[in-house]
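Residues per chain are reported as follows:
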Amino acid sequence: MSVEDVRAAAERLAGKVVRTPVLRSPALDALAGAELWLKAECLQRIGAFKARGALHAVGRMSPETRGRGVITFSSGNHAQAVALAAREFGVPATIAMPVDAPAVKVAGVRALGAEIVFAGTTSDERRAAALAVQERTGGAIVDPFDDPDIIAGQGTATLELVEEVAARGSKLDAIVVPVGGGGLLAGACLVAEAADIAVYSAEPGTCNALAQSLRAGERVPVPPGPTLADGLKPVRVGAQNFEIARRVVRGSFEVDDEALGRALVALLLHAKVLVEPSGAAGLAAALSGALRGRRVGVVLSGGNVEPALVAALIARHAEAV
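Residues numbered from 1 in each chain as written. Predicted model: local features only at pLDDT ≥ 70, side-chain atom pairs only at ≥ 80, totals over all residues. Heavy atoms only, no water.

Examining the overall build of the protein chain
- Along its length, the protein chain carries 14 helices and 10 strands.
- Relative to its length of 321 residues, the protein chain is compact, with a C-alpha radius of gyration of 18 Å against a globular reference of 20 Å.
- For the protein chain, the C-alpha atoms occupy an extent of roughly 55 × 40 × 40 Å along the three principal directions.
- In the protein chain, buried positions account for 58% of the 321 residues. (Helix = DSSP H or I, 4+ residues; strand = E, 2+ residues; numbered from the N terminus. Rg over C-alpha atoms; globule rule 2.2 N^0.38 Å. Buried < 20%, exposed > 50% of the residue type's maximum accessible area, 1.4 Å probe, protein only.)

Thoughts on the nonpolar core
- Leu36, Leu267 and Leu283 are the most contacted members of the largest nonpolar core, which totals 37 residues.
- When contributions to this core are tallied by element, the ones reaching two or more residues are helix H2 (26–32), strand E2 (35–40), strand E7 (174–178), strand E8 (198–204), strand E9 (249–255), helix H12 (257–271), helix H13 (281–287) and strand E10 (295–300).
- Examining the composition of this core, we find that eight residues originate from one element, H12, more than from any other.
- Excluding residues within four positions of it along the chain, Leu36 makes contact with Leu23, Arg24, Leu28, Asp29, Leu283, Ala286, Val296 and Val298.
- One finds Val165, Leu184, Ala188 and Val237 within the second-largest nonpolar core, a separate group that totals 35 residues. (Core = buried A, V, L, I, M, F, W, Y, C linked by side-chain atoms within 4.5 Å. Contact = heavy atoms within 4.5 Å.)

A closer look at unusual backbone geometry
- In this structure, Asp196 is a non-glycine residue whose phi angle is positive, near 60 degrees.
- Tracing the backbone shows Asp196 in the loop between helix H9 (183–195) and E8.

Points about the sheet that holds strand E1 (residues 22–23)
- Ordered in space as E1-E2-E10-E7-E8-E9, the six strands form an open sheet in which the pairing is mixed. Of all the strands in the sheet, just E1 and E9 have a single pairing partner and so form its edges.
- Two elements, E7 and E8, share five bridges in a ladder whose sense is parallel. Residue Ala174 lies in a different strand from E8, and its bridge partner there is Ala198.
- Most of the contacts of helix H8 (residues 148–167) go to E2, to which it runs at about 135 degrees, and overall it touches E1, E2, E7 and E10. (Pairing = 2+ DSSP bridges. Axes fitted to C-alpha atoms, helices over the stretch in contact; angles between N-to-C directions.)

Quick word on the packing of aromatic side chains
- Under the counting rule described, the total for this entry stands at one aromatic pair.
- In this arrangement the basic side chain of Arg24 is found over the ring face of Trp37, its NZ or CZ atom lying 5.1 Å from the centre. (Phe/Tyr/Trp six-rings, centres within 6.5 Å; stacked < 30°, edge-to-face > 60°. Lys NZ or Arg CZ within 6 Å of the ring centre and 35° of its normal.)

Quick notes on the packing of helix H3 (residues 50–60) against H8
- Here H3 crosses H8 at 135 degrees, and the two axes come no closer than 7 Å. Between H3 and H8, the angle falls in the class oblique. Where H3 crosses over H8, the handedness of that crossing is right-handed. From H3, Lys50, Arg52, Gly53, Ala54, His56, Ala57 and Arg60 reach across to H8, where they touch Asp149, Ile150, Ala152, Gly153, Gln154, Thr156, Ala157 and Glu160. (Parallel < 35°, antiparallel > 145°, perpendicular 65-115°, else oblique. Left-handed = near helix turned anticlockwise from the far one by under 90°.)

Points about the side chain of Glu276
- Looking at the secondary structure, you find Glu276 in the loop between H12 and H13.
- In this structure Glu276 touches Asn77, Lys105, Leu264, Gly302, Gly303, Asn304 and Val305, once residues within four positions along its chain are discounted.

Digging into the environment of Ser74
- Position of Ser74 among the secondary structure elements: in the loop between strand E3 (70–73) and helix H5 (77–89).
- Sequence separation between Ser74 and Asp143 is 69 residues, and the spatial gap between their C-alpha atoms is 9.1 Å.
- Excluding residues that lie within four positions of it along the chain, Ser74 makes contacts with Ala79, Ala96, Met97, Pro98 and Arg126.
- A polar atom in the side chain of Ser74 sits 2.9 Å from the backbone nitrogen of Gly76.
- Side-chain polar atoms of Ser74 contact the backbone nitrogen of Ala79, separated by 3.0 Å. (Polar contact = N/O pair within 3.5 Å; in protein donor to acceptor, adjacent residues only side chain to side chain.)

Quick word on the sheet that holds strand E6 (residues 140–141)
- The four strands lie next to each other as E5-E4-E3-E6, forming an open sheet whose pairing is parallel. The open sheet has two edge strands with one neighbour each: strand E5 (115–118) and E6.
- Here H5 sits on the sheet and contacts E3 and strand E4 (93–97); the angle it forms with E4, its principal contact strand, is near 175 degrees.
- Across the sheet, helix H7 (residues 123–137) is in contact with E3, E4, E5 and E6; its angle to E3 comes to roughly 165 degrees.

Here it is in C-alpha cells:
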C-alpha cells in the first residue's frame, strides 16, 4: 500500500465524511512545549475517525456482497461506523460488542439500527462471535483494522491534516496517533512517509501491543489490562498494519490513565473540545514534553464518552491543567 491508496479513498469518500477542523491552542502549546495541530476527528460522523474506514470498505463491496448484510466486532466506534455504513447502503448490520462496552457506544449502535451480539471482553471473543454470525447468515465481515480498504479510509484523516497544515503555510515535523488495532496508525504512516514526517504511536501502557511488537520485531499478543481508553484494547495489532508501522513509526509512547485524564480535561478546558480517553492518547503523549520544540500533528481520534466519566475527570484534573 502507498499514499496513492489513501488519495483514492479520499476521492471516494468526498461528500460522505466530514472534513474535520484542524485546531490550534496556545495554552496547549505552552503545556506541551511544542506547536500542536489538533485534527478533531471527534467531530467526525458518529463521533470518530472510524466512519471513514467503514464507509470506504462497505462502499467498495459489490451490491451482492453488501446485500447479504455486514458484520463486525468492535468495542464501540467501529461498531457505530459499520452501523452507519449499513444504514447508508440500506443493508442489515450485526455487531459483536464486549459485555463491558460503554453505554453511550451501545446506544449509538442501536440508534443506527444495527443488531448487537454481546461477547466477552476481548477482541478475540468478539471476532469469534462475528464469525459465528457470518456462518449463519453469509454476511460480510468488515474488519475493524486489518484490511486495505479500512487502512486507506482511515488514512484520509491524516491526509487532510497534512494538507491543512500546508495550506496554512507550514509543515509538520511529527504526527502522534492513538493505536489500538492499528488501522488509523497504518493509514497515517502511508501519508507521513510520502510527506517525510515522523510518526509516533500512543497507547495505554496496560494495553501496549504495538510497543511490545515493535520491540520484539514481530506481532506480540498482549492480554489487555485495565485502562480508561476502551477503544485501544486489542489483543494484537493487525498483521498488515504492523508491517506498515514497523517500517515507518519512529517511536511508541505509552500513557497511563492519569495522563489520559489530564489530556482530556486540558483539551476540554483550553480548546473547548471533548474527546474520549482513547482520543486523548496522542495529546497525552505530546503533553509529556517528549516532542518539545517540534511542530506536531495530533489526531484526536474520537469523542464518544460517558458524561459521568467526564465529570469525574474534571473533578480530578481541572486544577492541574
